[in-house]
Every structure is written in structure tokens, then in C-alpha cells.
Amino acid sequence: MQTRVKFRTERLVLRPALPEDLDAIHSILSNLQAMAYWSTPPHETVQQSRDWLQSMIAIQLPDGEDLIIERDGKVIGKAGLWRFPEIGFILHPEFWGQGYAQEALTAVIGRAFSIHGLSRIEADVDPRNTGSIKLLSRLGFREIGRKERTWLVGDQWCDSVYLALDAKSWRSASA
Ligand SMILES: CC(C)(COP(=O)(O)OP(=O)(O)OC[C@H]1O[C@@H](n2cnc3c(N)ncnc32)[C@H](O)[C@@H]1OP(=O)(O)O)[C@@H](O)C(=O)NCCC(=O)NCCS
């Protein structure tokens, strides 16, 4: 059975992606600052973002749960497990530094462990992406490995640092 959820955190609404999110998603995925350490270069065309949004909409349980983040009715980013157990997130830079990613991910991670029954969540981050590494560390993720030349982004090879969070340590930290 597929479940399409919409729920609130203290300041945010998290919900499945819709075709109407295209303009907001394109403004994020074409933003040079937001896309600096993404697995693809910034989107140059709306069609690229349309295709990306379509694949996000297609993510369904039990394969993953990827959600749009809204603040005061405005789409500010996305957070979720785009393919269990891999976490992914991006916010428009206008909304960075206010704890929104942490707030959204706390809800996403809680659901992944308590509702979807995952025992571990993983992240693959560019080692230069200090903001994301700091955020994941704050959520309890720990480094489990590194690899060089994992992603060819445009004409540049990028590396990966792998991080993981176990359900057990999440539960004991939340208790
Ligand atoms: C990574 C990313 C999502 C972080 O977004 P964010 O909302 O700024 O992250 P946080 O929720 O952790 O908030 C960060 C800051 O807000 C602060 N904060 C936390 N709660 C807060 C609150 N309630 N009010 C105000 N500020 C708060 C934090 O202390 C933190 O400050 P610091 O960076 O000085 O330590 C964002 O930088 C981004 O979209 N990056 C590009 C995409 C990307 O690289 N994704 C990862 C691919 S693997």
C-alpha cells in the first residue's frame, strides 16, 4: 500500500512533491550556491527540473520517502530518503541558517526509523560540503568511510565522505 503523507513540524509543512512545485524547485536546482556540491551541475533548463521533479514524485513507499518542505505556504526545499536508506536534502539559500534543514530532517529520520522500520540511514556527501557534514553530525551521523572520484559533475571528478546513523543511537539520543 502506498502512503502519501503531509505533516507539520514546529515551523514547517512536509508533503509529497506535486507538478505545481516546478517553479520553486527550479529556482533551487538552478541556484549556483545551493548546487555547489550536488551530484549534478546546476540545472540550466526548466526541463531538467521538470524531469527531476517527475522522478521525485515517482518515489513511493516502500522504496523511499522524499518530501517537499514548505514554510508559510512557500516551497523552500526538500528533505527525505530518495532511496532507502539514503538521505538527501536541499534548501534555497534564502532559507539557510535558520535551523529549517535540521527541523525537517529530524522529522524525516524519526519516521524512517519508527514508521518505515529502517535500522540505519546513510549519506553520501562531498567532503567540501562542510554545511551538510556539520548538519548531519549534529543529527548524530558518523563518518563510516571515504572514496575518491565517485561523481563526475560536469567535467570535474568529486569525492565522497560516507556517513551513517543507526536507529539504536538515534533512539538513545532522543530518549
Ligand atoms: C545543508 C543545508 C540543507 C543546511 O541548511 P540549513 O537550514 O542552513 O541547516 P540547519 O537546519 O542545520 O541550520 C543551520 C544553522 O541554523 C542554526 N539554527 C538551528 N536552529 C535554529 C533556529 N531554531 N533558529 C535559528 N537558527 C537555527 C544552526 O545552529 C545552524 O547554525 P550554524 O551553521 O552556524 O551552526 C543547506 O546548506 C543546503 O541546502 N545546502 C545545499 C544542498 C546540499 O549540499 N545538500 C546535501 C547534499 S548531500
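In this report, we go over the structure that sits alongside the text. Small disclaimer: the values here were computed from a predicted structure and weren't measured.

**What to know about helix α3 (residues 100-114)**
Counted at 1.5 Å a residue, the expected span for α3 with its 15 residues is 21 Å, and the 21 Å between its end C-alpha atoms agrees. Taking burial as the measure, the 15 residues of α3 include twelve buried ones, the bulk of the element.

**Focus on helix α1 (residues 22-29)**
Taken together, the buried positions of α1 are L22, I25, H26, I28 and L29. Down the axis of α1, the smallest arc covering the buried residues is 160°, so these residues share one side. The inward-facing, buried residues of α1 contact α2 (46-58), β3 (65-71), β4 (74-83) and β5 (86-91).

**Quick word on the pairing of β3**
Of all the seven residues making up β3, six are buried; the element is thus mostly covered by neighbouring parts of the structure. As judged from the three bridges shared by strand β2 (residues 13-15) and β3, these two strands associate in the antiparallel manner. Each residue of the ladder has a partner; that of L14, found in β3, is I69. Relative to β4, β3 is paired through seven bridges, and the arrangement is antiparallel. Across the sheet, L67 pairs through a bridge with A79, a residue of β4. In textbook terms, the turn of a hairpin is the stretch between consecutive antiparallel strands, and for β3 and β4 this stretch comprises two residues, one of which, D72, has a positive phi near 50°.

**A word on the packing of aromatic side chains**
On inspection of all chains with the given rule, the structure shows one aromatic pair. Seen from their ring centres, F113 and W170 are 6.3 Å apart, and the 50° between their planes marks the pair as tilted. With F113 in helix α3 and W170 in helix α5 (residues 167-174), the pair connects residues that are 57 residues apart, well separated along the chain. Assigned by exposure class, F113 and W170 land together as buried.

**A closer look at the site of the ligand**
Among the 19 residues in the neighbourhood of the ligand, the closest are listed as F89, G97, Q102, N129 and R138. Contact distances for the ligand include 2.7 Å between a nitrogen atom and a backbone N or O atom of F89. The backbone of Q98 places a nitrogen or oxygen atom 3.3 Å from a nitrogen atom of the ligand. Relative to its unbound accessible surface of 980 Å², the ligand loses 69% to contact with the protein. For the shell around the ligand, the secondary-structure elements that each account for two or more residues are β5, α3 and α4 (130-138).

The rules we used
- Along every chain, residues carry numbers that run from 1 in the direction the sequence is written.
- Confidence filtering applies because this is a predicted model: local features only for residues at pLDDT of at least 70, side-chain atom pairs given and counted only at 80 or more, and all residues used for totals across whole chains, interfaces and linings.
- To get the side-chain values, take all heavy atoms of the structure and skip hydrogens and water.
- Helix numbers and strand numbers start at the N terminus; a helix is a DSSP run of H or I with at least 4 residues, a strand a run of E with at least 2.
- Helix span is expected to be 1.5 Å times the residue number reduced by one.
- Three labels apply to residues, based on accessible area from a 1.4 Å probe with only protein chains included: buried if under 20% of the type maximum, exposed if over 50%, partly exposed otherwise in between.
- Arc definition: it is the arc formed by the directions from the helix axis to the C-beta atoms.
- Throughout, a residue-residue contact means that at least one pair of heavy atoms, one from each residue, lies within 4.5 Å.
- Two strands are said to pair when DSSP picks up at least two bridges between them.
- Here the aromatic set is Phe, Tyr and Trp, taking the six-membered ring for Trp, and pairing holds for ring centres within 6.5 Å; pairs whose planes are under 30 degrees apart are stacked, those over 60 apart are edge-to-face, and all others are tilted.
- Whether a residue is near a molecule or strand depends on its heavy atoms: if one lies within 4 Å, it is near.
- Counted as a polar contact is a pair of N or O atoms within 3.5 Å, where, for protein atoms, one must be capable of donating a hydrogen and the other of accepting one, and residues adjacent in sequence contribute only when both atoms are in side chains.
- The Shrake-Rupley method, run with a 1.4 Å probe, gives the accessible areas here. Residue values count only the displayed protein chains as cover.

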